[in-house]
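Topology and contacts: notes
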Amino acid sequence: MRRISSAFVCGLAFLVVLMTGSVAFADALADIKARGVLVAGVKDAVIPFGYVDEQSKQIVGFDVDICREIAGRLGVKLELKPVTSATRIPTLTEGMVDVAACTMTRKIARDDVIDFSITYFMDGQKLLVKKGGKIKSYKDLAGKKVGTAKGSTSEINMRNIQPKCTVLSFEGYPEAFLALKQGKVAAVTTDSVILVGLKGSDESPDKWEIAGNFFSSEPYGIGVRENESNLRDFVNKCLMDMWRDGTYKKIYDKWLGPQTKFYMPLTWEMETIPE
Ligand code: GLU
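Reference entry: report on the structure contained in this document.

Conventions adopted
Residues numbered from 1 in each chain as written. Predicted model: local features only at pLDDT ≥ 70, side-chain atom pairs only at ≥ 80, totals over all residues. Heavy atoms only, no water. Buried < 20%, exposed > 50% of the residue type's maximum accessible area, 1.4 Å probe, protein only. Helix = DSSP H or I, 4+ residues; strand = E, 2+ residues; numbered from the N terminus. Pairing = 2+ DSSP bridges. Right-handed = clockwise from strand over helix to strand, strands pointing away. Axes fitted to C-alpha atoms, helices over the stretch in contact; angles between N-to-C directions. Parallel < 35°, antiparallel > 145°, perpendicular 65-115°, else oblique. Left-handed = near helix turned anticlockwise from the far one by under 90°. Contact = heavy atoms within 4.5 Å. Nonpolar A, V, L, I, M, F, W, Y, C, P; charged D, E, K, R; others polar.

Our focus in this paragraph is the pairing of strand E10 (residues 145–149). Counting buried residues in E10 gives four out of five residues, a clear majority hidden from the surface. Relative to strand E11 (residues 166–170), E10 runs parallel, the two being bridged by five bridges. When the bridges of E11 are listed, glycine 147 appears paired with leucine 168. Taken together, E10, helix H6 (residues 153–161) and E11 form a β-α-β motif whose crossover is right-handed. Pairing geometry for E10 and strand E12 (residues 187–191), over two bridges, is parallel. Bridged to glycine 147 within E12 is valine 188.

The interhelical angle for the contact between helix H3 (residues 62–74) and helix H10 (residues 247–256), taken along N-to-C directions, is 150°, at an axis separation of 9 Å. Between H3 and H10, the crossing angle belongs to the class labelled roughly antiparallel. Of the two elements, H3 crosses H10, and the hand of that crossing is right-handed. Within the contact between the two elements, H3 uses Phe62, Asp65, Ile66, Glu69 and Arg73 and H10 uses Thr247, Tyr248, Ile251, Tyr252, Lys254 and Trp255. Grouping the constituent residues of the contact of H3 with H10 by class yields six nonpolar, one polar and four charged.

Right, here's the structure in full:
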């Protein structure tokens, strides 16, 4: 009797796990369609990728427009949730967002935890320093402090390339830039486009310069949870279609084109596959 009842309890528990499991692991793309909303994790303090517009108080930027386009092509609304470099992966794995489009580099180590779309933006790491100062490259940073963001590839790359510097990791890049202005660090380091954004949005951009050559490769991907291949395929198809139909270029030029304060020539090509 005892044996039967424990077998019964085990079976019941198994059933419950199976049922709740099947709810938790429902296809993310189908969930988004049923809900009518795509929830995207974006930065809210990285000009021009994701930041709060002073007038509208809304989060805007290149990453936001890419997500808006994906949501539009899916026929759903877009909801934004701010993430930082340190919180974006847990926010995604815990199910608080469907996608993470937040200046995030595709990296093998990250691929162990989440999946990525194809590369939708290409950059590399540089330094932002005081104009006319002594720092011309990472080689000049031995014995110096360098500011960057917690949870970024930038902090790891910096330590690897210049083990003799001290990396100070802040919550975000504006805090690292403030430390540079206050003389607490000798440089800010991260992807060049983020440095262009910091410099270009400063009240005295001429005080700062972006120094040295690229010392890393930073291909950005949109993060999705592991094993959500329908969603990942959809995102990839959207990105390729946007590249082919000119939408990508329009969004690119809006935020990074020659008419902006953040001009970065488009020097790479998205890898597209035939229909
Ligand atoms: N692209 C780099 C990364 O994914 C640096 C920018 C960021 O912190 O978002 O870590």
